[in-house]
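Summary of structural features
Single-letter residue listing:
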Amino acid sequence: MTVSNPNDLSRLDWAKGDGLLPAIVQHWRSGEVLMLGYMNAEALAETQSSGHVTFYSRSKQRLWTKGESSGHFLALKGIRIDCDADTLLIQADPHGPTCHTGTSSCFGDSAEVRPPLGFLAELDALVEQRHAKRPEGSYTTQLFEGGIRRIAQKVGEEGVETALAAVVQGEEELLGEAADLVFHLTVALRARGLSLEDVAKVLANRHRAS
C-alpha cells in the first residue's frame, strides 16, 4: 500500500474545490483547533512567503491575511495535507485571540475545545514567557531568580510529597501534589533550556522503539 506524503503540497487537488480548499488552523503547541478558512493557490503562496496565515475571502473576493486589521496574526509553523490532498492543516502560533469575539478559538473558549492534555503546552509556553520577561511579583520569576539549585530543591520536595500522597492520601490531594510537581519540573526544564515538549519527544521515541 502506498502511503501519501502529508508534506507534499504539489499533490494538492485544487480542481476538486474549484480552486479553493478548506484550511483548518491548529495551535502548533496545544493542538487546539483555532478556525477554518479557505485558500486558493495564491493565498497558500502568500502564507508561505510572508509567514502569516492568509486566506481567500469568499465575501470580499480577495486575499485576506488573518490579523491585518486587528494585529492578531497567525504565525505559520507548518503545513500538512490530508490523504485526499483536498484539505490543508495549518499549524500556527496565534498572536492574540483568533476569533473576532475575543476567544482563542472560533469554536469557543479554549478550555472547551482544547485537547485534554493541551493545557500542558500552554503551561510550557507560559513558563517560557516568564523565563524571558521575568515579571515582578510572579512566583515563577522568583523561582528563576533563585537559581537552578533552588528550583531542583523544590522539584525534590514536590516529588516526595507526591509519593507520600500516592500512598497515604486521597485522590484530590494526590492530584494537587502531582500538579505542583509538574509545574516545578517545567520550571526546572526551562531553567536548563529545555521544555515539556522535549520530554514528550523522548517518550515518543521510546514508545516507537519498544
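What counts as what
The written sequence of each chain sets the order in which its residues are numbered from 1. For this predicted model, a pLDDT threshold of at least 70 governs which residues receive local features, and a threshold of 80 or more governs which side-chain atom pairs are given and counted, while totals over whole chains, interfaces and linings are taken from all residues. Hydrogens and water are ignored here; the side-chain numbers use all heavy atoms of the structure. UniProt positions are given in the numbering used here, feature names are shortened, and annotations may be inferred rather than shown by experiment. Strands here mean DSSP runs of E at least two residues long; helices mean DSSP runs of H or I at least four residues long; both are numbered from the N terminus. Computation of the radius of gyration draws on C-alpha atoms, with the globule rule given as 2.2 Å multiplied by the number of residues to the power 0.38. The buried label applies to any residue whose accessible area, calculated with a 1.4 Å probe on protein chains only, is under 20% of its type's maximum; exposed applies above 50%, and partly exposed to all values in between. Residue contacts are defined here by distance: any two heavy atoms, one from each residue, within 4.5 Å place the two residues in contact. With residues, only the protein chains shown are counted as cover, and all accessible areas are computed by Shrake-Rupley using a 1.4 Å probe. Working definition: a ring pair exists when centres of Phe, Tyr or Trp rings (six-membered ring for Trp) sit within 6.5 Å. Plane angles under 30 degrees give stacked, over 60 give edge-to-face, the rest tilted. Lysine NZ or arginine CZ positioned within 6 Å of the ring centre and within 35 degrees of the ring normal marks a charge as sitting over the ring. Boundaries of every domain are those given by an automatic assignment or by a domain database. At least two DSSP bridges between two strands are needed for those strands to be called paired. In this analysis an axis means a line fitted to C-alpha atoms, helices contributing only their contacting stretch, and an angle means the value between N-to-C directions, from 0 to 180 degrees. Any angle from 65 to 115 degrees is called roughly perpendicular, while one under 35 is roughly parallel, one over 145 is roughly antiparallel, and all others are oblique. Two helices cross in a left-handed way if the nearer one is turned anticlockwise from the farther one by less than a right angle. They cross in a right-handed way if the turn is clockwise. Residues are grouped as follows: Ala, Val, Leu, Ile, Met, Phe, Trp, Tyr, Cys and Pro are nonpolar; Asp, Glu, Lys and Arg are charged; every other residue, Gly included, is polar. Defined by distance alone, a disulfide is two cysteine sulfur atoms within 2.5 Å. Here the expected length of a helix is defined as 1.5 Å per residue gap, with one fewer gap than residues.

For the chain, the name recorded in an unreviewed UniProt entry is Histidine biosynthesis bifunctional protein HisIE, with Rhodanobacter glycinis as its organism. The Subcellular location (unreviewed entry) comment attached to the chain in UniProt states, word for word, "Cytoplasm".

**Quick word on the overall build of the chain**
Helix and strand counts for the chain come out as seven helices and six strands. Reading the helices (α) and strands (β) of the chain from amino to carboxyl end gives β-β-α-β-β-β-β-α-α-α-α-α-α. Relative to the compact-globule value of 17 Å for 210 residues, the chain shows a C-alpha radius of gyration of 21 Å, a clear excess of over 25%. For the chain, the proportion of its 210 residues judged to be buried stands at 33%. Counting contacts in the chain only where the partners sit at least 6 residues apart, residues at least 24 apart contribute 50% of the total. Carbon and sulfur atoms make up 54% of the accessible area of the chain, which amounts to about 12,500 Å² in all.

**Here's the deal with the UniProt feature "domain: Phosphoribosyl-AMP cyclohydrolase" (unreviewed entry) in the chain**
Under the UniProt annotation, the feature "domain: Phosphoribosyl-AMP cyclohydrolase" (unreviewed entry) is placed at residues 35–107. Helix makes up 14% of residues 35–107 and strand makes up 38%, while its end C-alpha atoms are separated by 7 Å.

**Looking at the packing of aromatic side chains**
Taken as a whole and assessed by the stated rule, the structure comprises two aromatic pairs. For the pair Tyr139 and Phe183, a centre-to-centre distance of 6.1 Å together with 25° between the ring planes defines the contact as stacked. Residue Tyr139 is found in helix 4 (residues 139–146), and its partner Phe183 is found in helix 6 (residues 171–191); the two are separated by 44 residues along the sequence. With relative accessibility at 39%, the residue Tyr139 sits in the partly exposed group. Just above the ring of Trp28 sits the side chain of Lys77; from NZ or CZ to the centre is 4.4 Å.

**Details of the domain arrangement of the chain**
Splitting the chain by domain gives domain 1 (9–94) and domain 2 (117–209). Look at where the C-alpha atoms of domain 1 and domain 2 centre, and you get two points 34 Å apart.

**Thoughts on the environment of Gln26**
With respect to the secondary-structure elements, Gln26 resides in strand 1 (residues 21–27). Taking the C-alpha atoms as reference, Gln26 lies 9.7 Å from Gly78; in sequence the two are 52 residues apart. Each residue touching Gln26, except ones within four places of it in the same chain, is listed here: Gly31, Glu32, Val33, Leu34, Leu89, Ile90, Gln91 and Ala92.

**A word on the sheet that holds strand 5 (residues 74–81)**
Within the open sheet, the four strands sit side by side as 2-1-6-5. Their pairing is mixed. Every other strand in the sheet has two partners, leaving strand 2 (33–39) and strand 5 as the edge strands with one partner each. Averaged over all pairs of adjacent strands, the angle between their axes in this sheet comes to 30°, without regard to strand direction.

**Digging into the packing of helix 3 (residues 118–133) against helix 6**
Interaxial distance between helix 3 and helix 6 falls to 10 Å at its minimum, and their mutual angle equals 50°. Considering their axes alone, helix 3 and helix 6 lie oblique with respect to each other. Where helix 3 crosses over helix 6, the two elements pack in a sense that is right-handed. Here helix 3 contributes Leu120, Leu123, Asp124, Val127, Glu128 and His131 to the contact with helix 6, which in turn contributes Val182, Phe183, Thr186, Val187, Arg190 and Ala191. A per-class count over the contact of helix 3 with helix 6 returns seven nonpolar, two polar and three charged.

**A word on the environment of Val182**
Mapped onto the elements, Val182 comes out in helix 6. According to the relative accessible area criterion, Val182 is partly exposed, its value standing at 32%. Remark: the alpha-carbon pair of Val182 and Met39, spanning 143 residues in sequence, is separated by 40 Å.

**A few points about the state of the cysteines**
All told, the structure shown has zero disulfides when counted by the stated rule. Free of any disulfide, Cys99 has its nearest neighbouring cysteine sulfur in Cys106, separated by 4.0 Å. Assessed through its relative accessible area of 10%, Cys99 is described here as buried. Classification of Cys106 by relative accessible area gives partly exposed; the value is 41%.

**Observations regarding helix 6**
Between its terminal C-alpha atoms helix 6 stretches 30 Å, which fits the 30 Å expected from 21 residues at 1.5 Å a residue. Among all positions of helix 6, only Glu177, Phe183, His184, Thr186, Val187, Ala188, Leu189 and Arg190 are buried. Note on helix 6: the residue one or two positions beyond its end, Gly193, has a positive phi of about 80°.

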